[in-house]
Amino acid sequence: TSPHSSLLPSHYSTTFISNPEPSTLPTPAPHTPMGGEPVRLYVKGTIEGFKRSRNVQHQNQVRLRLDNVKTRDAVPFYLGKRVAFIYRAKTAKRRAVAAAGAPREETRFRVRWGKIIAPHGNGGAVKAKFKKGLPTTAFGKSVRVMLYPSAV
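None of these values were measured; they are calculated from a predicted model.

Engineer: Explain the nonpolar core residue by residue, including any values.
Structural biologist: Within the largest apolar cluster, 21 residues are counted, with the highest numbers of intra-cluster contacts made by Ile 47, Val 62, Leu 64, Leu 66, Tyr 78, Val 83 and Leu 134. Looking at this core, the elements that each hand over two or more residues are strand E1 (42–52), strand E2 (57–66), strand E3 (82–94), strand E5 (125–130) and strand E6 (142–146). The residues touching Leu 134, leaving out its near neighbours within four places in the chain, are Ile 47, Phe 50, Gln 59, Val 62, Phe 85 and Arg 112.

Engineer: Account for the pairing of E1, with residues named and values stated.
Structural biologist: On a regular strand, one side chain projects to one face of the sheet and the next to the other, so that they alternate. The pairing of E1 with E6 spans five bridges and is antiparallel. Following the sheet pairing, Val 43 is matched in E6 by Val 145. As paired elements, E1 and E2 share seven bridges and run antiparallel to each other. From the neighbouring strand, Arg 52 faces E2, where its bridge partner is Gln 57. Where E1 folds back onto E2 in an antiparallel hairpin, the turn is made up of four residues.

Engineer: Explain the environment of Val 69 to me, using residue names and the numbers behind them.
Structural biologist: In this fold, Val 69 is placed in the loop between E2 and E3. You can call Val 69 buried: its relative accessible area is 1%. In this structure, the C-alpha to C-alpha distance between Val 69 and Gly 123, residues 54 residues apart in sequence, is 8.0 Å.

Rules and cut-offs
Residues numbered from 1 in each chain as written. Predicted model: local features only at pLDDT ≥ 70, side-chain atom pairs only at ≥ 80, totals over all residues. Heavy atoms only, no water. Core = buried A, V, L, I, M, F, W, Y, C linked by side-chain atoms within 4.5 Å. Buried < 20%, exposed > 50% of the residue type's maximum accessible area, 1.4 Å probe, protein only. Helix = DSSP H or I, 4+ residues; strand = E, 2+ residues; numbered from the N terminus. Contact = heavy atoms within 4.5 Å. Pairing = 2+ DSSP bridges.

If you want it as structure tokens, here you go:
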């Protein structure tokens, strides 16, 4: 095991942290770039609802249910991680950022960014705060929890 394995949630594999011998590393196939397996730098989650009380709801704070996070003990790894709610708008706008030297193209996809701020209950749910409030049509929709910034 590695010294960082205690920082990871229990459902994560710690084999990527250890330093294997160079002879035991797999050699990639000749025509598969970077070993062939696509790498996903986010965890999927679902928006459950706003932070609310009996009379007041806060539209910029939501409860999220993350995939494969079932207990409160797994939540501290995700605190401070960025959350992206990606949605499709009716009208196309030019992208704010384009690749170096590429023209800015029009797209209908938009992103609202937030951050995981606290656990919610003992079942692995978390609270996230967004810079701008989310619409109620976002309930039940998926979000991406980016695996950065990371302390591991």
